[in-house]
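# Structural characterization, general
The lines below spell out each chain.
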Amino acid sequence: MRPRVYMDANATTPLLPEVVEAMRPYWMERFGNASSIHLDGQQAHAAVDRARETMAGFFNCHAAEVVFNSGGTEGDNTALFGLLRPGDHCITTSIEHSAILQAAQRMAQNGVETTFVDPAPSGLIDPAEIERAIRPHTRLISVMLANNETGVLQPVEEIGKIAGAAGAFFHIDAVQGAGKVPFDVRRFGCHLCSISAHKMHGPKGVGALFVRRGTPIEPLLVGGSHERRRRAGTENVPGIVGLAKAAELAMLSLEDGTIPRLAALRDRLEKGILALPGTGVNGARQSAPEGRHENSPGQAQRSPGKDANNDLAPRRGAANSFVHHNLGAPAPDFGTWESANPIFNDCHPERPRAQRGGVEGPAVASSNGIPVPRVANTTNIWFDQLEGEALVIALDLKGVSVSGGSACHSGATEPSHVLMAMGLDRNRARASLRFSLLKTATEAEIDYVLQVVPQAVEHLRALSPAAAGTLG
Ligand SMILES: Cc1ncc(COP(=O)(O)O)c(C=O)c1O
């Protein structure tokens with residue numbers, strides 16, 4: 001039987017063998033509680049300390065600034081619940097993961113106003129829009145590093161500078177960017193940064209939150225004095241060890257040619273699928289009319305003071321009332337990988353120079369426009385005249401795992417809030433699929449997917465009366 005082809009790495013990834021091996025002793029002979037004072041406890045404690053050092057290298061921070069937790073959702077929730085108080089204002093984007101969006105909605109019930117900044121049609125957030133949304137009482141800005149559905153990388157460094165100038169705290173949800181692009185919380189200028197092990201070949205249910213020294217975060221969980229009183233609960237020692245091993249391997253993969261190889265595979269896949277009529281990529285290019293400087297001066301500008309309450313609801317499912325707020329300043333130069341991922345230099349002392357940046361950029365296939373920076377493993381493609389879910393099932397039956405939108409929302413019938421926020425209509429958003437490659441992806445897997453996707457698309461379109469005669 002043909003092995004399955006897993007192209008849903010943004011949902012989760014398998015453990016690498018080295019990660020399993022690193023974790024194994026901490027379930028068995030080294031099972032101690034890291035808080036116990038006897039030898040068993042000390043062994044566990046030492047393992048957590050080593051993992052903390054590794055993660056400090058990964059984030060480029062001090063070991064004391066690493067808080068181990070249960071993953072991305074907890075990190076995201078902690079950033080908002082831990083910093084925001086009634087009367088505060090928070091800025092985030094309408095394309096965040098639900099761990100941020102729903103936390104913001106809950107904070108709204110507690111008297112926190114939130115502005116949700118929309119992306120441009122390319123999926124990029126315009127830093128000028130973030131700046132425009134700032135108010136005197138803005139306490140927190142939270143923007144993701146890479147979008148889970150499109151892979152689009154956001155200009156977090158620019159946003160970090162804006163937050164710094166405004167005296168606001170800055171949180172980055174880096175769950176989908178971590179391990180895929182050079183990483184440096186100092187360079188990003190953030191106070192908080194969430195990552196999750198299972199998105200980078202580590203175990204599920206464990207992650208870390210970078211908390212910059214002095215950030216007055218209230219813990220989400222209270223009880224013991226674990227993690228310097230920032231996250232109570234007996235440490236998940238095997239999980240923490242697995243996270244650190246996965247992070248170590250991810251850092252190596254940024255230097256060993258994995259990323260350009262992955263980008264080339266992704267681009268070949270994308271190009272092959274785009275040869276089909278009625279297809280296109282969501283979030284690959286920014287077309288000339290979308291940049292900040294090209295919008296008509298008469299286009300609506302969000303008034304930070306005016307629409308606070310409207311802002312409480314992300315524009316999910318509101319394609320008709322969708323307005324882009326991208327006015328004024330010149331368009332950023334995101335045309336090259338280097339401009340989106342500058343070489344980092346303000347780094348953890350133990351971090352080798354080569355890990356700090358300079359990764360060859362993923363090329364972008366598809367049509368006209370300026371390439372938008374994306375993580376190398378992701379492409380999100382729309383297929384006109386078919387239902388995305390039907391294509392997911394058809395491909396599953398052929399042994400290919402992909403996702404129709406965010407896996408965290410699977411089962412939901414609503415079209416992706418990310419694609420809707422980018423201005424897609426409901427049908428096109430519903431007819432979009434995310435292909436997210438594992439770092440172990442092969443040419444043979446791409447060959448197979450390029451064989452079965454056209455067959456499945458043709459078959460489904462043949463069944464669709466709407467497609468007849470429209471896609472010649
Ligand atoms: C961007 C982003 N943030 C947060 C999360 C939640 O992470 P976790 O599964 O570790 O809770 C995910 C998971 O898909 C994600 O993609």
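Residues numbered from 1 in each chain as written. Predicted model: local features only at pLDDT ≥ 70, side-chain atom pairs only at ≥ 80, totals over all residues. Heavy atoms only, no water.

### Points about the overall build of the chain
For clarity, the cut-off: Strands here are runs of E lasting at least two residues and helices are runs of H or I lasting at least four, both read from the DSSP assignment and numbered beginning at the N terminus. Three labels apply to residues, based on accessible area from a 1.4 Å probe with only protein chains included: buried if under 20% of the type maximum, exposed if over 50%, partly exposed otherwise in between. We call two residues in contact whenever any of their non-hydrogen atoms come within 4.5 Å of each other.
When helices and strands are tallied, the chain shows 15 helices and 14 strands. Burial statistics for the chain: of 472 residues in total, 58% are counted as buried. In the chain, once contacts between residues fewer than 6 apart in sequence are set aside, the share between residues at least 24 apart is 79%.

### Remarks on the sheet that holds strand β2 (residues 66-69)
Note the following rule: Here, strands pair whenever DSSP counts at least two bridges between them. To define axes, lines are fitted to C-alpha atoms, for helices over the stretch in contact only, and angles between the resulting N-to-C directions are given on a 0 to 180 degree scale.
Here we have 7 strands laid out as an open sheet, ordered β2-β8-β7-β6-β5-β3-β4, and mixed in their pairing. Each edge of the sheet is formed by a strand with only one pairing partner; in this case those strands are β2 and β4 (113-117). Between one strand axis and the next, the sheet turns through 20° on average, direction left out of account. Pairing between strand β5 (residues 138-144) and strand β6 (residues 169-173): 5 bridges, direction parallel. What sits directly across from M144, in β6, is D173.

### With respect to the site of the ligand
Defined as follows: Being near a molecule or strand, for a residue, means having at least one of its heavy atoms within 4 Å of it. Two N or O atoms form a polar contact when they lie within 3.5 Å of each other; inside protein one atom must be a possible hydrogen donor and the other a possible acceptor, and for residues adjacent in sequence the pair counts only when both atoms belong to side chains. Each accessible area is a Shrake-Rupley result for a 1.4 Å probe, and residues are judged covered by the shown protein chains and nothing else. When residue character is reported, Ala, Val, Leu, Ile, Met, Phe, Trp, Tyr, Cys and Pro are called nonpolar, Asp, Glu, Lys and Arg charged, and the others, Gly included, polar.
Taken together, 14 residues lie around the ligand, and G72, T73, D173, S196 and K199 are the ones closest in. H198 is positioned with one of its side-chain polar atoms (N or O) 2.9 Å from an oxygen atom of the ligand. In isolation the ligand has 390 Å² of accessible area, and contact with the protein removes 91% of it. Looking at the shell around the ligand element by element, the count peaks at 3 residues for helix α3 (residues 72-83). For the shell around the ligand, the per-class residue count stands at 3 nonpolar, 8 polar and 3 charged.

### Overview of the packing of helix α10 (residues 258-274) against helix α15 (residues 443-463)
We apply this condition: Angle categories: roughly parallel below 35 degrees, roughly antiparallel above 145, roughly perpendicular from 65 to 115, and oblique for all the rest. Whether a crossing is left-handed or right-handed is set by the direction in which the near helix is turned from the far one by less than a right angle, anticlockwise for left-handed and clockwise for right-handed.
In the contact formed by α10 and α15, the axes pass within 10 Å of each other and the chain directions differ by 15°. As summarised for this structure, α10 and α15 are arranged roughly parallel, according to the angle between their axes. Crossing handedness for the pair α10 and α15: right-handed. Each of L265, R268, L269, G272 and I273 in α10 lies in contact with α15, whose residues at this interface are E443, I446, D447, V449, L450 and V453. Looking at the contact of α10 with α15 residue by residue, the class counts come to 7 nonpolar, 1 polar and 3 charged.

### Focus on the pattern of salt bridges
Stated precisely, the cut-off is as follows: We define a salt bridge as a side-chain nitrogen of Lys or Arg found within 4 Å of a carboxyl oxygen belonging to Asp or Glu.
Counted under the stated rule, the structure contains 18 salt bridges. We note a salt bridge from E65 to R186, for which the minimum N-O separation is 2.6 Å. Taken together, the positions of E65 in the loop between α2 (39-59) and β2 and R186 in helix α7 (residues 185-188) put the pair 121 residues apart, joining distant regions of the chain. Exposure remark for E65: the relative accessible area of 2% places this residue in the buried category. R231 is paired through a salt bridge with E74; the nearest N and O atoms lie 2.7 Å apart. Of this pair, R231 sits in the loop between α8 (226-229) and α9 (237-253) while E74 sits in helix α3, and the two are 157 residues apart along the sequence. With respect to class, R231 is no different from E74; both count as buried. A cluster of three or more residues bridged by salt bridges with shared partners is formed by E157, K161 and R187.

### Focus: helix α6 (residues 156-166)
Count 3.6 residues to each turn of an α-helix, and residues three or four apart come out pointing the same way. Looking only at α6, the buried set comprises V156, E157, I159, G160, I162 and A163. If you follow the buried residues of α6, they end up packed against α5 (127-133), β5, β6 and α7. In the segment just after α6, G167 is the residue with positive phi, at about 70°.

### What about the packing of aromatic side chains?
Spelled out, the test is: Any Phe, Tyr or Trp ring, taking Trp's six-membered ring, that has another such ring centre within 6.5 Å forms a pair; planes under 30 degrees apart are called stacked, those over 60 apart edge-to-face, and the others tilted. Any Lys NZ or Arg CZ found within 6 Å of a ring centre and within 35 degrees of that ring's normal is scored as a charge over the ring.
Summed over the entire model, instances satisfying the criterion amount to 5 aromatic pairs. Pairing F58 with F59 gives two aromatic rings, centres 6.1 Å apart and planes at 75°, and the pair type is edge-to-face. Residue F58 shares its accessibility class with F59, and that shared class is buried. Between F183 and F188 the ring centres are 5.7 Å apart and the planes differ by 85°, which places this aromatic pair in the edge-to-face class. Using a relative accessible area of 1% as the deciding quantity, one classes F183 as buried. An aromatic cluster of at least three residues, connected via ring pairs, comprises F58, F59, F183, F188 and F210. The residue whose ring lies beneath R2 is Y448, and the NZ or CZ to ring-centre distance is 3.7 Å. Sitting over the ring of W382, R428 keeps its end group 3.4 Å from the ring centre.

### With respect to the side chain of T13
Summarising the element assignment, T13 is placed in the loop between β1 (5-6) and α1 (17-23). Taking relative accessible area as the criterion, T13 reaches 4% and is therefore assigned buried. Within the structure, T13 has its side chain in polar contact with the backbone oxygen of H198 (distance 2.7 Å). Of note is the side chain of T13, whose polar atom sits 2.6 Å from the backbone nitrogen of H201. Residues within four places of T13 in sequence aside, it is in contact with H198, K199, M200, H201, G202, K204 and L438.

### Re the nonpolar core
Selection criterion: To form a nonpolar core, buried Ala, Val, Leu, Ile, Met, Phe, Trp, Tyr and Cys residues must be joined to one another through side-chain atoms within 4.5 Å. Each domain's extent is set by a domain assignment, obtained either automatically or from a database.
M55, F58, F59, F183 and I195 are the most contacted members of the largest nonpolar core, which totals 62 residues. A domain split of this core shows at least three residues from each of domain 1 (17-256) and domain 2 (258-303 + 360-463). Counting residues in hydrophobic clusters, the runner-up holds 34 residues, among them V5, L433, F435 and L460.

### As for the sheet that holds strand β14 (residues 432-436)
Through backbone hydrogen bonds, the strands of a sheet pair up, either in parallel or in antiparallel fashion. In space, the 3 strands of this open sheet follow the order β9-β12-β14, with antiparallel pairing throughout. Each having just a single partner strand, β9 (279-281) and β14 make up the two edges of the open sheet. Between one strand axis and the next, the sheet turns by 25° as a mean value, whatever way the strands run. Taken together, the 5 bridges between strand β12 (residues 378-383) and β14 define a ladder with antiparallel strand orientation. Note that in β14 the partner of W382 across the bridge is S432. The strands that α15 touches are β9, β12 and β14; relative to β12, the one it contacts most, it runs at about 25°.

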